[in-house]
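Architecture at a glance
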Amino acid sequence: MVSSPILTMTNKTTGEKAVFEIDQNVVELGRDRSNFIVLNTRAISRRHAQIFKDGEQFYLTDLKSGNGTFLNNSKITPGEKTLLRNGDTVTIEDFEFHFQPYSGNPDLYEVTDTDILEIKMIKKLLRAVDKENAPFLEITGGRYKGKKMVLEGKVQEITIGRDEACEFVIKDDVISRKHVRIVKKWDTITIQDLGSKNKTFVNRQPIEAISEYALKDGDIILLGTLPILFRNPQALNLSPLAPKIPKDPPPLPPSEPLEKEQVPGQDFQGRGSGRSEAPPPLQESPQGIVPYQQGPMEEYAPAPPSFLKRLSPFEVLLLFLGLAILGGSFLLLLSFL
């Protein structure tokens, strides 16, 4: 059962919705990441408005924002507390909030309570995953070595410099009051020099103040002489995962006919060239086709008949002995004639 008021937020531009349970006495809304409800739009002040509990009632106060806070389409006076009632609509730029206090009726919030808890758990898990894989800037040298700035928002713009109004403040003499601007638009992150005195370099290459440079994972940013490493864990290198498609071999050059006196493996003077331009030819023999071999003819030995290969030495001896007996018997028969 819900015991705290509920703010249902709707982004009128994107249609995105979110539900927040006001479980503390003071809730601040604004562009700064320290707020309970972060509204990451440049038109919204860093600390824009506040909802707080006084007794049993909840009130809305505009914190002297630049573009004001509206309650039921009427602009409220900055610094004055205004009572919130059931069904009130609070509007801050493109964000619209519907206020719903706890009515004391358990049946009214029986299902909503479970939904809110599930939504809050999912949002916490998503924030943890997004923060772990979010791009970030890390100072790698100087007295601020190790200081980080995480780019968590889908669309985000931060300024780096010495000025306290910057989102990433670096109190270093080589840094201008507003040195560079980092802009994140979904998967694209760019850097732009703001006319700094000591210039901005990316991988030792200076960037112009009038242009934006797209950052890549592993880029080294130099603000003057202060090094900052840009890492983007979401930038996966998919080239090792791509299937390797073999390239077609280059076409062979057209072959030229050999001169009559030229022999494969020799030059035009008949000397061995050390390489063969064509495979060795095959030659016919009584025993079949055998590969051509270079060398004197006496080195060639006729291949034995195929049936002798299947006989053992003892069977060969018996064969020759039988032939000798057959020949002797034939000679003896001739002597009686």
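Here the structure is shown first, and the text comes after it.
A brief structural summary.

Some thoughts on the overall build of the chain
- A count of helices and strands for the chain gives 3 helices and 24 strands.
- Each of the 337 residues in the chain was classed as buried or not, and the buried ones make up 29%.
- Looking at the chain alone, contacts between residues at least 24 apart form 36% of all its contacts between residues at least 6 apart.
- On the chain, roughly 23,200 Å² of surface is accessible, and the fraction owed to carbon and sulfur atoms is 56%.

Digging into the pattern of salt bridges
- Inspection of every chain in the model, using the stated rule, returns 12 salt bridges.
- Two residues, Glu-167 and Arg-42, come together in a salt bridge whose shortest N-O distance is 3.3 Å. Placement of Glu-167 in the loop between strand 14 (155-161) and strand 15 (168-169) and of Arg-42 in the loop between strand 4 (37-38) and strand 5 (49-54) is noted, with a sequence separation of 125 residues between them.
- Three or more residues are tied together by salt bridges with common partners; here these are Arg-31, Asp-32, Arg-42, Arg-46, Glu-157, Glu-167 and Arg-181.

Some remarks on the packing of aromatic side chains
- Applying the stated rule across the entire model yields 3 aromatic pairs.
- Taken together, a centroid distance of 6.3 Å and an interplanar angle of 55° make the contact between Phe-58 and Phe-99 tilted. Taken together, the residues span a long stretch of sequence, with Phe-58 in strand 6 (residues 57-62) and Phe-99 in strand 11 (residues 95-100) at a distance of 41 residues.
- Taking the ring centre of Tyr-59 as reference, the NZ or CZ of Lys-81 above it sits at 4.6 Å.
- Residue placement shows Lys-148 over the ring face of Phe-136; its charged tip is 4.7 Å from the ring centre.

Quick look at the sheet that holds strand 19 (residues 205-206)
- Taken together, the 6 strands give an open sheet; going across it, the order is 13-12-22-21-18-19, and neighbouring strands pair in antiparallel fashion. Only two strands of the sheet have a single partner each, and these edge strands are strand 13 (148-150) and strand 19.
- Pairing between strand 12 (residues 136-139) and strand 13: 3 bridges, direction antiparallel. Residue pairing for strand 13: Glu-138 is matched across the bridge by Lys-148.

A word on the pairing of strand 14
- Burial analysis of strand 14 places 5 of its 7 residues in the buried class, the great majority of the element.
- Two elements, strand 14 and strand 15, share 2 bridges in a ladder whose sense is parallel. Counted as the bridge partner of Gly-161 is Val-169 from strand 15.

Let's talk about the side chain of Ser-65
- Checked against the element boundaries, Ser-65 lands in the loop between strand 6 and strand 7 (70-71).
- Among the residues examined, Ser-65 registers a relative accessible area of 12% and is labelled buried.
- Polar contacts involving the side chain of Ser-65 include one to the side chain of His-48, which spans 3.1 Å.
- Excluding its chain neighbours within four sequence positions, the residues that come into contact with Ser-65 are Ser-45 and His-48.

Section: the side chain of Asp-32
- Mapped onto the elements, Asp-32 comes out in the loop between strand 3 (26-30) and strand 4.
- There is a polar contact of 2.6 Å between the side chain of Asp-32 and the side chain of Ser-34.
- For Asp-32, the side chain forms a polar contact with the side chain of Arg-46, separated by 2.8 Å.
- Once residues within four sequence positions are removed from consideration, Asp-32 is found in contact with Val-38 and Arg-46.

Basis of the calculations
Residues numbered from 1 in each chain as written. Predicted model: local features only at pLDDT ≥ 70, side-chain atom pairs only at ≥ 80, totals over all residues. Heavy atoms only, no water. Helix = DSSP H or I, 4+ residues; strand = E, 2+ residues; numbered from the N terminus. Buried < 20%, exposed > 50% of the residue type's maximum accessible area, 1.4 Å probe, protein only. Contact = heavy atoms within 4.5 Å. Areas by Shrake-Rupley, 256 points an atom, 1.4 Å probe, with all protein chains shown as cover. Salt bridge = Lys/Arg side-chain N within 4 Å of Asp/Glu carboxyl O. Phe/Tyr/Trp six-rings, centres within 6.5 Å; stacked < 30°, edge-to-face > 60°. Lys NZ or Arg CZ within 6 Å of the ring centre and 35° of its normal. Pairing = 2+ DSSP bridges. Polar contact = N/O pair within 3.5 Å; in protein donor to acceptor, adjacent residues only side chain to side chain.

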